[in-house]
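# Structural description and commentary
Read off the chains here:
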Amino acid sequence: MAKIKAWDLLGKKKEELQKQLEDLTVELSQLQAARGSGGAAPKLSKIRAICKATACVLTVTNHATKENLRKFYKGHKYKPLDLRSKKSTAMCCWLNKHKKKLKTKKQQWKEQLYPLCKYAVKA
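Bear in mind the structure is a predicted one, so any value in this text is a computation, not a measurement.

So, about the overall build of the protein. What the protein contains, in helices and strands, is 6 helices and 0 strands. Classification of the 123 residues of the protein by burial places 15% in the buried group. Contacts in the protein between residues far apart in sequence, at least 24 positions, make up 46% of those at least 6 positions apart. Side-chain charges of the protein comprise 30 positive and 9 negative groups, with the mean position of each set lying 18 Å from the other.

Now the structure itself:
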């Protein structure tokens, strides 16, 4: 079996991918049964390639479903957690613009009591 590339699978439909995944799992189970009964070495070395091909098909399928969900939730106010933008902990802890502008009563009082001095320079 030839090595499966992800970019070859990207154009395929969901049904085709499911069929290919089914074929791969059946072939893998047959190879594992052959390994258990002491099969030939060339067959056993094929197991790794089949596992990798299965992973590739699953990755493409998951990527496609995630893209469809992104399109669906675009413009919505609330999104599922896995579709939200990933930020660092520090970024999540930052204050928003409104909270940054807020001042305490004491700070407001001090600013009112001691306004900035305006000096005029004589030319």
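To continue, consider the packing of aromatic side chains. Under the criterion given, the structure shown has 1 aromatic pair. Pairing Phe 72 with Tyr 73 gives two aromatic rings, centres 5.0 Å apart and planes at 85°, and the pair type is edge-to-face.

So, on to the nonpolar core. Among the nonpolar cores identified, the biggest contains 13 residues, and Ile 4, Leu 9, Leu 17, Leu 24, Ile 50 and Val 57 are the most heavily contacted of them. Breaking this core down by element, the ones donating at least two residues are helix H2 (14–36) and helix H3 (41–73). Here the element with the most residues in this core is H3; it accounts for 6 residues. Once you skip the residues sitting within four places of it in the chain, Leu 9 turns out to touch Ile 4, Leu 17, Gln 20, Cys 56, Val 57 and Val 60.

Conventions we followed
Residues numbered from 1 in each chain as written. Predicted model: local features only at pLDDT ≥ 70, side-chain atom pairs only at ≥ 80, totals over all residues. Heavy atoms only, no water. Helix = DSSP H or I, 4+ residues; strand = E, 2+ residues; numbered from the N terminus. Buried < 20%, exposed > 50% of the residue type's maximum accessible area, 1.4 Å probe, protein only. Contact = heavy atoms within 4.5 Å. Lys, Arg positive; Asp, Glu negative; His and termini not counted. Charge placed at Lys NZ, Arg CZ, Asp CG, Glu CD. Phe/Tyr/Trp six-rings, centres within 6.5 Å; stacked < 30°, edge-to-face > 60°. Core = buried A, V, L, I, M, F, W, Y, C linked by side-chain atoms within 4.5 Å.

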